[in-house]
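The lines below spell out each chain.
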Amino acid sequence: MREKKPRNGLLIDYEFCTGCKACVVACAQEYGWPAGQGGMRVTEILQELPKGRGYLSFLPFPTESCVLCAGRTRKGLKTACEQHCLAAVIRHGPVQELAREMERKPRMVLWAPR
């Protein structure tokens, strides 16, 4: 009986994302996506805080077009978004391993495709 392969995903540490969109560009170039489409999107979130203060964060998040760079990772390469992330906030790997890492730090999201 074949052993089941671990399910992979992306762990995104949005605390340190600068919103540079290098991940968006890298994905679009890797797969030849037209402008405005691709496997990664960066959302800007501005939260209003008491006393007129605000908190700005950027959340890079995969779209339904993301295939976790299956062709690249089969060759032992990083995903395009992980490879080109200037802040090194994106990590690809087995979901269970990424979930353990997520437990030790706040402001992270874990994405696992279907």
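Here's what I pulled together on the structure shown here. (Residues numbered from 1 in each chain as written. Predicted model: local features only at pLDDT ≥ 70, side-chain atom pairs only at ≥ 80, totals over all residues. Heavy atoms only, no water.)

Let's shift gears to the pairing of strand β3 (residues 54–62). Sheet topology note: the strand β2 (residues 40–48)/β3 ladder contains nine bridges and is antiparallel. From the neighbouring strand, valine 42 faces β3, where its bridge partner is proline 60. What sits between the antiparallel neighbours β2 and β3 is a turn of five residues, in which lysine 51 has the positive phi angle 65°. (Pairing = 2+ DSSP bridges. Helix = DSSP H or I, 4+ residues; strand = E, 2+ residues; numbered from the N terminus.)

What helix α4 (residues 95–103) keeps buried is the set Val95, Leu98 and Glu101. Each buried residue of α4 lies within a common arc of 120° when the element is viewed along its axis, so the set occupies one face. Of the exposed residues in α4, the ones pointing more than 90 degrees away from its buried face are Gln96, Arg100 and Glu103. Buried residues along α4 sit against β1 (8–13), β4 (90–94) and β5 (108–111). (Buried < 20%, exposed > 50% of the residue type's maximum accessible area, 1.4 Å probe, protein only. Arc of directions from axis to C-beta. Contact = heavy atoms within 4.5 Å.)

With that out of the way, let us pick up the pattern of salt bridges. Throughout the structure, instances matching the rule amount to seven salt bridges. For glutamate 15, the salt bridge is made with arginine 107, and the minimal N-O distance between the two is 3.8 Å. With glutamate 15 in the loop between β1 and α1 (22–31) and arginine 107 in the loop between α4 and β5, this residue pair connects regions lying 92 residues apart in the sequence. By relative accessible area, which is 36% here, arginine 107 ends up partly exposed. A salt bridge links arginine 91 to glutamate 97; the shortest N-O distance between them is 2.6 Å. You can call arginine 91 partly exposed: its relative accessible area is 27%. Classification of glutamate 97 as partly exposed rests on a relative accessible area of 33%. Several salt bridges converge on common partners, so that one network encompasses Asp13, Glu15, Lys105 and Arg107. (Salt bridge = Lys/Arg side-chain N within 4 Å of Asp/Glu carboxyl O.)

Turning our eyes to something else, we now look at the environment of glycine 38. Structurally, glycine 38 is set in the loop between α1 and β2. When the C-alpha atoms of glycine 38 and alanine 88 are compared, they prove to be 20 Å apart, with 50 residues separating the residues in sequence. Filtering out sequence-adjacent residues up to four positions away, glycine 38 remains in contact with Cys27, Trp33, Thr63 and Ser65.

Here lysine 21, not a glycine, exhibits a phi torsion of approximately 65°, which is positive. Looking at the secondary structure, you find lysine 21 in the loop between β1 and α1. With phi around 55°, alanine 88 is a residue other than glycine that occupies positive phi space. Relative to the helices and strands, alanine 88 resides in the loop between α3 (80–84) and β4. Under the relative-accessibility criterion, alanine 88 is labelled exposed at 65%.

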